[in-house]
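In case you want the letters, here they are:
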Amino acid sequence: MPVDIDIAYVARLARLGLSAEELAFYRDQLGVILEHAAKVQEVDTEGFEATAHPLGIVNQFRPDEIRPSLDRGEVLAAAPATDGVYFVVPPALEG
Amino acid sequence: MADLTIEAAGSALAKGELSATELLESVLTRASLTEADLHSFLTIDHEGAMAAATGSDERLRRGEPRGLLEGIPLAVKDNFCTRHLETTCGSQILAGYLPPYDATAVARLRDAGAVLVGKTNCDEFAMGSSTENSAFGPTRNPWNPERVPGGSSGGSAAAVAVGSVLGAFGSDTGGSIRQPAALCGVVGFKPTYGLISRYGLVAFASSLDQIGPFARTVADAVTLFEAVAGYDPLDATSYQGLVPNVRPTLGEGVSGLRVGIVRELGGEGYDAEVAAATSAMVDKLADEGAKVSEVSLPSFEVALSVYYLIAPAECSANLARFDGVRYGLRVPGETVEEMMARTRAEGFGPEVTRRILLGTYALSAGYYDAFYGKAQKVRSLLIAEMATVFEQADVLVSPTSPTTAFELGAKTQDPLAMYLSDVCTIPANLAGTPAISVPIGLDSGGLPIGFQVMAPALGEKVMFQTAAAVEALADFDARPAMAVSP
């Protein structure tokens, strides 16, 4: 059976402003894909931990050296709105 | 000249029989004749490429040391950041974006003397198996323009197949190098996780993404790999050990090698001609002295399900950065949340939207353990199964794709059917192991068939040794009609 999901809640979490029609479209498609993906739940994984790294490598270190970073002017040049020093966005809090 | 291998062109360039500018003009002519049918490039950088070729010719004149790829015209997929050269990832959300820096792989190619011709088309943010998800229109298959080139790195595969470049790079998260290589009749290689730095590769699914080359021969793929592989402090997942030295054993053949045929990668859903060509190649390997046996990896049956939980989950986190603040599209809104939601809804195409929603759901409170957490445990089981099988076999072989190139539009309305075209390639991404696709022939419709060789982690040496033997046995020298000179 296709998995039933609260698509409006998921879209809000993902910051995707979708129309009612789009939400219905994706809810149905995701339900079918998740039904297929749910096959993983039938596999016995007793004794297996979740994979953190495919080669099992942990804690890679490099020397803590000061090195040049990207030029601020060049970075800001790619942004939709800046004041020349910072990125500018609409208000994060209402009122 | 556009039909030269990297090896042959490099030799002619070094001897002065050919100049880098002549070679560049030759491939640009080929591109100008084929691009209207193919659309393999999103950007061709005529000016930058000519400057690089001229620089290479000057270095030869002055007798300066030559790089590994001196004067060789190449392309990279449009999800590689290129300094001051548009990088869109095939998405409207990044249309017009000019990165302030080069990806490490791009910087190493430039250092090796390569001539960067342009940026190749791809499925949006590398999500797809046909290059039909590009926001800027699909790439077509050079062997038959009614067919897809595969994906997501379809532009790179098609450009190499027709000789618009002598080699190219792509990224492979679930088969996005090997599957288009198979469908376009070229060699495509995904290295061990960590061997090529991903700094400056726009991230899709970080535990799976790898950069790798496309070339017309196995030896050329080795050269491209050698030019970019090796530790990079800018990528925290970069492998700190030595890169396997694969060249000395390239011509040694397969006598005595243990070759495992993967039982789960065949049967229902596989084209009869693909299956027959795969078996015929296995027989040839046995005739050459390989010890062939069938092996079973039951977890491969659920690898696709595991992948379609892990990859969207990681994609939903990685693509959070496209929010209308630092780069790309912004659609205005009253509040920052409204601005972000409108920007993302307008900027992302359907497949990317679908995967972000799927991944957000799989990571959300209450579902994490059942979907993402469980998928990562099954992934550990798959890695353990592969380790066991690699005690009995030096390499594993299979078709690269269950089918040859399908028609445009055939699978765009059915995401699951599209996902199934990656069924043979996904396990190597989940396990972080190297795998390569080598063309072995054409089906009765004149479409290429790819043969996959997989090896254990850091087993590039035996993988390339086998791939070179497969290449020699297949003796595949057909070219797409549109690649015929001039």
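Engineer: Whenever I open this one, the overall build of chain A confuses me. Can you help?
Structural biologist: A count of helices and strands for chain A gives three helices and zero strands. Scanning chain A from its N terminus toward the C terminus, one meets helices and strands in the order α-α-α. For chain A, whose C-alpha radius of gyration is 22 Å, the value lies well above the compact-globule estimate of 12 Å for 95 residues. Dimensions of chain A along its principal axes, counting C-alpha atoms only, are 55 × 45 × 25 Å.

Engineer: How do you make sense of the packing of aromatic side chains when you look at a structure like this?
Structural biologist: Given two aromatic rings, their pairing is described by the distance between the two centres and the angle made by the two planes. Residue and element names in this part refer to chain B. Counted according to the given criterion, the structure contains 15 aromatic pairs over all chains. Judged by centre distance (4.8 Å) and plane angle (45°), the rings of Phe125 and Phe322 are tilted. Taken together, the positions of Phe125 in the loop between strand 3 (115-120) and helix 5 (154-162) and Phe322 in the loop between helix 9 (303-318) and helix 10 (336-347) put the pair 197 residues apart, joining distant regions of the chain. On the basis of relative accessible area, Phe125 is assigned to the buried category, the value being 2%. With relative accessibility at 5%, the residue Phe322 sits in the buried group. One residue, Lys411, lies across the ring of Phe406, its end atom 4.3 Å from the ring centre.

Engineer: Sorry, what's going on with the domain arrangement of chain B here?
Structural biologist: Residues and elements named next belong to chain B. Domain parsing of chain B yields domain 1 (6-250) and domain 2 (303-376). Measuring from the centre of the C-alpha atoms in domain 1 to the corresponding centre in domain 2 gives 27 Å. On the side of domain 2, 20 residues touch domain 1, which itself brings 19 residues to the contact. A buried area of about 1600 Å², summed over both sides, lies between domain 1 and domain 2, and 66% of it is on carbon and sulfur atoms. Where domain 1 touches domain 2, the interface holds zero salt bridges. Taken together, the connections running from domain 1 to domain 2 amount to nine residue pairs in polar contact (both at pLDDT 80 or more). When its residues are assigned to classes, the side of domain 1 that touches domain 2 shows 10 nonpolar, eight polar and one charged.

Engineer: How should the sheet that holds strand 5 (residues 187-190) of chain B be read in this particular structure?
Structural biologist: Strands pair in a sheet through their backbones, by hydrogen bonds, and they do so in one of two ways: parallel or antiparallel. All names here are of chain B. Spatial strand order, 1-3-2-4-6-5-10-11-9-7-8: 11 strands in an open sheet with mixed pairing. Two strands bound the open sheet, and with one partner strand each, they are strand 1 (41-44) and strand 8 (291-295). Neighbouring strand axes in the sheet, compared pairwise and without regard to direction, differ in orientation by 25° on average. In the sheet, strand 10 (residues 435-442) pairs with strand 11 (residues 448-454) via seven bridges, with the strands oriented antiparallel. In the strand pairing of strand 11, Gly441 is matched with Ile449.

Engineer: Help me out: how do you make sense of the interface of chain B and chain A in this one?
Structural biologist: By convention, interface size is frequently given as the accessible area that disappears when the constituent parts associate. Residue-level contacts link 69 residues of chain B with 54 residues of chain A. Together chain B and chain A conceal approximately 5200 Å² of surface at their shared face, both sides included; 69% is due to carbon and sulfur atoms. Here chain B is connected to chain A by three salt bridges. Close ionic contact of B:Glu337 with A:Arg15 constitutes a salt bridge, the shortest N to O distance being 3.9 Å. Across the contact surface, chain B and chain A share 17 residue pairs in polar contact (both at pLDDT 80 or more). If you list the elements that add at least two residues to the side of chain B that touches chain A, you get helix 9, helix 10, helix 11 (350-363), helix 12 (369-392), helix 13 (415-419) and helix 14 (426-431) of chain B. Top element by residues in the side of chain B that touches chain A is helix 12 of chain B. It accounts for 12 residues.

Engineer: Looking at this structure, how should I read the packing of helix 9 of chain B against helix 12 of chain B?
Structural biologist: The packing of two helices is summarised by the inter-axis angle and the distance between the axes. Residue and element names in this part refer to chain B. Contact pair helix 9 / helix 12: the axes reach a minimum separation of 9 Å and the direction vectors enclose 130°. With respect to helix 12, the axis of helix 9 lies oblique. Regarding helix 9 and helix 12, the two cross each other, and that crossing is left-handed. For the pair helix 9 and helix 12, the contacting residues are Ala303, Val306, Leu309, Ile310, Ala313 and Glu314 in the first and Phe371, Tyr372, Ala375, Gln376, Val378, Arg379 and Leu382 in the second.

Engineer: Please clarify how the nonpolar core should be interpreted in this entry.
Structural biologist: Soluble, globular proteins show a tendency: their nonpolar side chains are buried together. All names here are of chain B. Counting 89 residues, the largest nonpolar core has Leu69, Leu109, Ile436, Phe451 and Phe464 as the members making the most contacts within it. No other element matches the eight residues that helix 15 (residues 460-474) contributes to this core. Not counting chain neighbours up to four residues away, the residues in contact with Phe464 comprise Phe189, Val218, Ala221, Val222, Phe225, Val246, Leu250 and Ile436.

Engineer: Even after reading the chapter, I still don't get the packing of helix 8 (residues 272-287) of chain B against helix 15 of chain B, so can you show me in this structure?
Structural biologist: Residue and element names in this part refer to chain B. Between helix 8 and helix 15, whose axes approach to 10 Å, the crossing angle comes to 105°. When the axis of helix 8 is compared with that of helix 15, the two are roughly perpendicular. For the pair helix 8 and helix 15, contact is made by Met281, Lys284 and Leu285 and by Val470, Leu473 and Ala474, respectively. Its residues placed into classes, the contact of helix 8 with helix 15 shows five nonpolar, no polar and one charged.

Engineer: How should unusual backbone geometry be read in this particular structure?
Structural biologist: Backbone phi values are negative for most residues with the exception of glycine, while trans is the configuration of most peptide bonds. All names here are of chain B. In this structure, the amide linkage connecting Gly151 to the following residue, Ser152, adopts the cis form with an omega of 15°. A positive phi angle is found at His39, which is not glycine, with a value near 55°. Locating His39 in the fold gives a position in the loop between helix 2 (20-38) and strand 1. Under the relative-accessibility criterion, His39 is labelled partly exposed at 23%. One non-glycine residue, Thr131, lies in the positive phi region at around 65°.

Engineer: Sorry if this is basic, but what is going on with the pattern of salt bridges here?
Structural biologist: On inspection of all chains with the given rule, the structure shows 20 salt bridges over all chains. Between B:Lys119 and B:Asp78 there is a salt bridge, and its shortest N-O distance comes to 3.2 Å. Linking B:Lys119 in strand 3 with B:Asp78 in the loop between strand 2 (73-77) and helix 4 (104-111), this pair joins segments that are 41 residues apart in sequence. Ionic contacts of the salt-bridge type, sharing partners, join the residues A:Arg12, A:Arg15 and B:Glu337 into one network.

Engineer: Please explain the pairing of strand 8 of chain B as it appears in this structure.
Structural biologist: Each regular strand carries side chains that alternate between the two faces of the sheet. Residue and element names in this part refer to chain B. Note: strand 7 (residues 258-262) against strand 8, five bridges, orientation parallel. Paired with Gly260 across the strands is Ser293, a residue of strand 8. Each parallel crossover has a hand, and the one from strand 7 via helix 8 to strand 8 is right-handed.

Engineer: What should I look at first to understand the environment of B:Thr400 in this one?
Structural biologist: All names here are of chain B. Position of Thr400 among the secondary structure elements: in the loop between strand 9 (395-399) and helix 13. Here the alpha-carbon distance between Thr400 and Lys119, two residues 281 residues apart in the chain, equals 25 Å. With near-sequence residues (within four places) excluded, Thr400 lies in contact with Arg178, Gln179, Ala182, Cys424, Thr425, Ser437, Gly450, Phe451 and Gln452. A polar atom in the side chain of Thr400 sits 2.8 Å from the side chain of Ser437.

What counts, and at which threshold
All residue numbers refer to position in the chain's written sequence, counted from 1. Think of it this way: whatever chain is written first is A, whatever ligand is written first is 1, and the rest follow in order. This being a predicted model, a pLDDT of at least 70 is required before a residue's local features are given, and a value of 80 or more before pairs of side-chain atoms are given or counted; all residues contribute to the totals for chains, interfaces and linings. Computation of side-chain values covers all heavy atoms of the structure but excludes hydrogens and water. Secondary structure counts use DSSP, requiring at least four H or I residues in a row for a helix and at least two E residues in a row for a strand, with both numbered from the N terminus. In this treatment the radius of gyration is a C-alpha quantity, and the globule benchmark scales as 2.2 Å times the residue count to the 0.38 power. Here the aromatic set is Phe, Tyr and Trp, taking the six-membered ring for Trp, and pairing holds for ring centres within 6.5 Å; pairs whose planes are under 30 degrees apart are stacked, those over 60 apart are edge-to-face, and all others are tilted. Type-normalised accessible area, obtained with a 1.4 Å probe on protein chains alone, sets the label of each residue: buried when under 20%, exposed when over 50%, and partly exposed for intermediate values. Geometrically, a lysine NZ or arginine CZ counts as sitting over a ring once it is within 6 Å of the ring centre and also within 35 degrees of the ring normal. An automatic or database domain assignment provides the domain bounds reported here. We call two residues in contact whenever any of their non-hydrogen atoms come within 4.5 Å of each other. Two parts placed together each lose some accessible area; with a 1.4 Å probe, that loss summed over both constitutes the buried area. The working definition used for a salt bridge is a side-chain nitrogen of Lys or Arg within 4 Å of a carboxyl oxygen of Asp or Glu. The term polar contact refers here to a pair of N or O atoms within 3.5 Å; inside protein, the definition further demands a hydrogen-donor-capable atom paired with an acceptor-capable atom, and it admits residues adjacent in sequence only when both atoms are side-chain atoms. Note on residue classes: Ala, Val, Leu, Ile, Met, Phe, Trp, Tyr, Cys and Pro are nonpolar, Asp, Glu, Lys and Arg are charged, and everything else, Gly too, is polar. Whether two strands pair comes down to DSSP finding at least two bridges between them. Angular values range over 0 to 180 degrees, each being the angle between N-to-C directions of two axes fitted as lines to C-alpha atoms, with helices fitted over their stretch in contact. Comment on the angle field: the value is read as roughly parallel under 35 degrees, roughly antiparallel over 145, roughly perpendicular from 65 to 115, and oblique elsewhere. By definition, turning the near helix anticlockwise from the far helix through less than a right angle yields a left-handed crossing, and turning it clockwise yields a right-handed one. Joining through side-chain atoms within 4.5 Å is the link that ties buried Ala, Val, Leu, Ile, Met, Phe, Trp, Tyr and Cys residues into a set, and such a set is a nonpolar core. With its strands directed away from the observer, a crossover is right-handed exactly when the path from the first strand over the helix to the second travels clockwise.

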